[in-house]
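Single-letter residue listing:
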Amino acid sequence: MLAVPETGLQGLCIGSSPERSPVPSPPGSPRTQDTCGIAPLTPSQSPKPDARAPQQALFSVVVAIDFGTTSSGYAFSFASDPEAIHMMRKWEGGDPGVAHQKTPTSLLLTPEGAFHSFGYTARDYYHDLDPEEARDWLYFEKFKMKIHSATDLTLKTQLEAVNGKKMPALEVFAHALRFFKEHALQELREQCPSMPEKDTVRWVLTVPAIWKQPAKQFMREAAYLAGLVSRENAEQLLIALEPEAASVYCRKLRLHQLVDLSSWAPGGGRLGERRSIDSSFRQAREQLRRSRHSRTFLVESGVGELWAELQAGDRYMVADCGGGTVDLTVHQLEQPYGTLKELYKASGGPYGAVGVDLAFEQLLGRIFGEDFINTFKRERPAAWVDLTIAFEARKRTAGPHRAGALNISLPFSFIDFYRKQRGHNVETALRRSSVNFVKWSSQGMLRMSCEAMNELFQPTVSGIIQHIEALLAQPEVQGVKLLFLVGGFAESAVLQHAVQAALGARGLRVVVPHDVGLTILKGAVLFGQSPGVVRVRRSPLTYGVGVLNRFVAGRHPPDKLLVRDGRRWCTDVFERFVAAEQSVALGEEVRRSYCPARPGQRRVLINLYCCAAEDAHFITDPGVRKCGALSLDLEPADCGPDSAGASPGRREIRTAMQFGDTEIKVTAVDVSTNRSVRAAIDFLSN
């Protein structure tokens, strides 16, 4: 509308000046001469920048925190030797036989809500609490995906502990991030006692690529609350997309650091040695002997041996299979600097390892009754955690060719609680149930066949394969040669075998890094040292604002007609900034200029809208929703009349938005004074 109360804007109908970009508007953008009301000054985008060489680091050390659904950890590297990645110290406690390069994403707070512990320490302490005492403590685990699944995420969103008590999600995440901050800084102080902490650390937080802007902003707000960085030094924190980080790391790998799943030995549950990935690229190597110059450029740019074997322009996919989600991205290798270009918007879904845990919980419900399982979780939360730990240990040993049943220990508290609730023992429940592939062993354990265990994987594994196949069918990603399987869930032999069996026949080479569970963490460190390595991304959604255009009979709906001061306007026109699936280069800006509606106005607020469709016409179209607000805070000294007492003329506030980074960014300048205007986009206050 012409005067939307919350925006407080006047439109500017000013022609392009010589300094403006001559690049034409994208198809479908409103023309400048036809746009008024709260329309922007210039609808055209700035030219796409060329590929840039890596920039000099501004920080002495990069610390990355991989905040996972099931496990988390940190790593760091110094600007003086950016590729020497230091992993965090091994964690105390944990499960026998499991490497502790990460710690469980488990947080324990006291009954008063104060921080007590995180990771293995939190899990073990909670395990040792008296059952009655445990009811009062707040224990959170696998809480990361609550942020993704929340449809109305705000700064006041609550998280539920295992005992049913609730706490602000922002505080829960801040407690966890503060824990990692303190551990990382302590380790850095021990290694470099003379290093000042202030402004010397660049922090990197990993999030799934399929997370929307509100979830990314939420993580940033949690980092502010945890004291990682201040709002005034927001650039000290980077948000890294998990499959992107994995891609950045994989491009550094040598051939001997990768396993080709096509060499799977049919007779066993482990990877065979019949064919190394090196042999897969012999033909490519022969072809590249004719183009040594190209190979030299890539190797000297820090690209690993594998990538030097690939031609510039080759395409590959990364499937990040984590605890909560599967996250897919497709990249193309560019010359001369080995930068990466995203070919299709990030996709995926809730098909992480926790899906197997949920299938196990449903199986227990079939045997003992869903009502009993829910009551047990509520009344004996610590014992329920013990049961999930026991299942996790057996889940890790599952394989497609494993022989022999698996025993899962039931806590005594479970056995005793069931007898008191039902009046008979768990062995009787197993005999009476319709589940015939789970028995009661003489050692007092659930005895599950390997086939039954593998069945628990199937819904999640099938979802992952279907997502990969759907992505491979897209025209934009034709010609993909490699699939990198990464993430904690990618350690599973069940998943590896299923993906290779489904996709190997299509000629796709499925490759797994040796340190598959640490790929994202290490890649996040490298990303923090060189954020420009991903040069082009695809916008996941269409973003824009509502404006007024001159009404054109026959083209605009009659119900959108607004007559004011004798002029006919079309209301609610969706003026697009960037379209879904549009390629956007890093540093590419979408520039708009606005004019405050009133002299002395202190703040300008502009509603942002988004949708999945590329061709939305009105902000009232189906699927278009208000997703955030762009705010411009004007300096008080600039708001009133000038020193001579004359009223100021129309002020032009020029904004520049960037959609090619991992977060949407905005800057603004007051044209009359050439001073920066505080600008921000809020996705959490809808």
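Predicted, not measured: the structure shown is a model, and the values here were computed from it. (Residues numbered from 1 in each chain as written. Predicted model: local features only at pLDDT ≥ 70, side-chain atom pairs only at ≥ 80, totals over all residues. Heavy atoms only, no water.)

So what exactly am I meant to see when it comes to the sheet that holds strand β8 (residues 115–118) here?
Within a sheet, each strand pairs with its neighbour through backbone hydrogen bonds, oriented either parallel or antiparallel. Read from one edge to the other, the open sheet built from three strands follows the order β8-β7-β9, with strand pairing classed as antiparallel. Edge positions in the sheet fall to β8 and β9 (138–141), since each of these pairs with one other strand and no more. Strand-to-strand twist in this sheet, taken as the mean axis angle between neighbours without regard to direction, amounts to 15°. Taken together, the four bridges between strand β7 (residues 106–109) and β9 define a ladder with antiparallel strand orientation. Opposite Leu-107, over in β9, you have Phe-140 as the bridge partner. Along the sheet, helix α4 (residues 169–191) contacts β7, β8 and β9; its crossing angle with β8, the most-contacted strand, is approximately 65°. (Pairing = 2+ DSSP bridges. Helix = DSSP H or I, 4+ residues; strand = E, 2+ residues; numbered from the N terminus. Axes fitted to C-alpha atoms, helices over the stretch in contact; angles between N-to-C directions. Contact = heavy atoms within 4.5 Å.)

When you look at the environment of Val-61 in this model, what are you seeing that I'm missing?
Along the chain, Val-61 falls in strand β3 (residues 61–67). By relative accessible area, Val-61 is classed as buried at 0%. When the C-alpha atoms of Val-61 and Ser-77 are compared, they prove to be 5.7 Å apart, with 16 residues separating the residues in sequence. When sequence neighbours within four positions are dropped, the list of residues in contact with Val-61 reads Phe-76, Ser-77, Phe-78, Ala-79, Leu-188, Met-195, Thr-200, Val-201 and Arg-202. (Buried < 20%, exposed > 50% of the residue type's maximum accessible area, 1.4 Å probe, protein only.)

Honestly, the pairing of strand β21 (residues 480–486) in this entry has me stumped. Any pointers?
Consecutive side chains of a regular strand alternate in pointing toward one face of the sheet and then the other. Of all the seven residues making up β21, six are buried; the element is thus mostly covered by neighbouring parts of the structure. Pairing analysis gives six bridges linking strand β15 (residues 315–321) to β21, with the strands arranged parallel. What sits directly across from Ala-319, in β21, is Leu-485. Of the pairings in the sheet, the one linking β21 to strand β22 (residues 509–513) comprises three bridges and is parallel in character. Bridging from a neighbouring strand, Phe-484 pairs with Val-511 of β22. Handedness of the β21-helix α17 (residues 493–503)-β22 crossover: right-handed. (Right-handed = clockwise from strand over helix to strand, strands pointing away.)

I tried to follow the packing of aromatic side chains on my own but got confused; where do I start?
Here a ring pair, both rings aromatic, is described through the centre-centre distance and the interplanar angle of the planes. For the structure on display, the rule yields 26 aromatic pairs. Taken together, a centroid distance of 5.1 Å and an interplanar angle of 35° make the contact between Phe-118 and Phe-179 tilted. Placement of the pair is Phe-118 in strand β8 and Phe-179 in helix α4, with a sequence separation of 61 residues. For the ring pair Phe-360 and Phe-391, a centre distance of 4.1 Å and an interplane angle of 5° mean the geometry is stacked. Within this pair, whereas Phe-360 is found in helix α11 (residues 354–368), its partner Phe-391 is found in helix α13 (residues 381–395), the two being separated by 31 residues in sequence. (Phe/Tyr/Trp six-rings, centres within 6.5 Å; stacked < 30°, edge-to-face > 60°.)

Which parts of the structure should I look at to understand the pattern of salt bridges?
Side chains carrying opposite charge are able to pair once their charged atoms draw close together. Counted according to the given criterion, the structure contains 33 salt bridges. Linking Arg-592 and Glu-575 is a salt bridge whose minimum nitrogen-to-oxygen distance equals 3.2 Å. Pair noted here: Arg-592 is in strand β28 (residues 589–596) and Glu-575 is in strand β26 (residues 567–578), with a separation of 17 residues, a long-range link. Per residue, the accessibility class of Arg-592 equals that of Glu-575, and both read buried. Here Asp-633 ties to Arg-603 by a salt bridge, and the two come within 3.2 Å at their closest N and O atoms. Placement of the pair is Asp-633 in strand β30 (residues 625–633) and Arg-603 in strand β29 (residues 603–611), with a sequence separation of 30 residues. Here the salt bridges share partners, and the residues they tie into one network are Lys-142, Asp-357, Glu-392, Lys-395, Arg-396 and Glu-491. (Salt bridge = Lys/Arg side-chain N within 4 Å of Asp/Glu carboxyl O.)

Got a minute to help me understand the confidence of the model for the chain in this structure?
Caution is warranted with low-pLDDT regions, since their predicted coordinates should not be read in detail. For the chain, the mean per-residue pLDDT works out to 81, and 80% of the residues sit at or above 70. Within the chain, the lowest mean pLDDT, 30, falls on strand β2 (residues 35–36), and the highest, 97, falls on strand β13 (residues 237–241). Note on residues 1–57: pLDDT is under 50 here. Beyond four places in sequence and across chains, it has 131 contacts. Scored below 50 in pLDDT, residues 265–303 shows 65 contacts in the model against residues more than four places distant or in partner chains. (pLDDT = per-residue confidence, 0-100.)

What am I meant to see in the sheet that holds strand β23 (residues 534–538) here?
Taken in spatial order, the eight strands line up as β14-β22-β21-β15-β16-β17-β23-β27 in an open sheet, and their pairing is mixed. Where the open sheet ends on each side, the last strands, each with one partner, are β14 (258–260) and β27 (583–585). Ignoring strand direction, the axes of neighbouring strands in this sheet form an average angle of 30°. Packing of helix α6 (residues 242–250) onto the sheet brings it into contact with β15, β16 (326–333), β17 (340–349), β21, β22 and β23, and relative to β15 it is tilted by some 125°.

Would you mind showing me how to read the side chain of His-175 here?
Tracing the sequence through the fold places His-175 in helix α4. Residues contacting His-175, with those up to four places away along its chain left out, are Leu-107, Leu-109, Gly-113, Phe-115 and Met-167.

Looking at this structure, how should I read the environment of Gly-660?
Looking at the element boundaries, Gly-660 is found in the loop between β31 (653–658) and β32 (665–670). Its relative accessible area of 2% is what places Gly-660 among the buried residues. C-alpha of Gly-660 to C-alpha of Ser-583: the two residues are 77 residues apart in sequence and 8.0 Å apart in space.

Honestly, the packing of helix α12 (residues 370–379) against helix α14 (residues 412–422) in this entry has me stumped. Any pointers?
Helix-helix packing: each pair is described by the crossing angle between the helix axes and the interaxial distance. Where α12 meets α14, the closest approach of the two axes is 11 Å, and the angle between their N-to-C directions is 125°. Between α12 and α14, the interaxial angle falls into the category oblique. Every pair of crossing elements has a handedness; the one defined by α12 and α14 is right-handed. Contacts between α12 and α14 involve Asp-371, Phe-372, Ile-373, Thr-375, Phe-376 and Glu-379 from the first element and Ser-413, Phe-414, Phe-417, Tyr-418, Gln-421 and Arg-422 from the second. (Parallel < 35°, antiparallel > 145°, perpendicular 65-115°, else oblique. Left-handed = near helix turned anticlockwise from the far one by under 90°.)

Would you mind showing me how to read α12 here?
Because an α-helix completes one turn every 3.6 residues, residues spaced three or four positions apart along the sequence face the same direction. Restricting attention to buried positions, one finds in α12 the residues Phe-372, Ile-373, Thr-375 and Phe-376. With its buried residues spanning 165° around the axis, α12 presents them on a single face. (Arc of directions from axis to C-beta.)

How should unusual backbone geometry be read in this particular structure?
Glycine aside, residues mostly have negative phi, and peptide bonds are mostly found in the trans state. With a phi close to 60°, Asp-572 is a non-glycine residue in the positive phi region. The residue Asp-572 is located in strand β26 in this model. Unlike most non-glycine residues, Glu-581 shows phi in positive territory, near 75°. When you line up the elements, Glu-581 lands in the loop between β26 and β27.

Help me out: how do you make sense of the environment of Glu-663 in this one?
Of note, Glu-663 is situated in the loop between β31 and β32. When the C-alpha atoms of Glu-663 and Leu-238 are compared, they prove to be 8.9 Å apart, with 425 residues separating the residues in sequence. In this view, Glu-663 contacts Gln-213, Lys-216, Arg-220, Ile-239 and Gln-658; residues no more than four positions away in its chain are not counted. Looking at Glu-663, its side chain comes within polar contact range of the side chain of Arg-220, at 2.8 Å. (Polar contact = N/O pair within 3.5 Å; in protein donor to acceptor, adjacent residues only side chain to side chain.)

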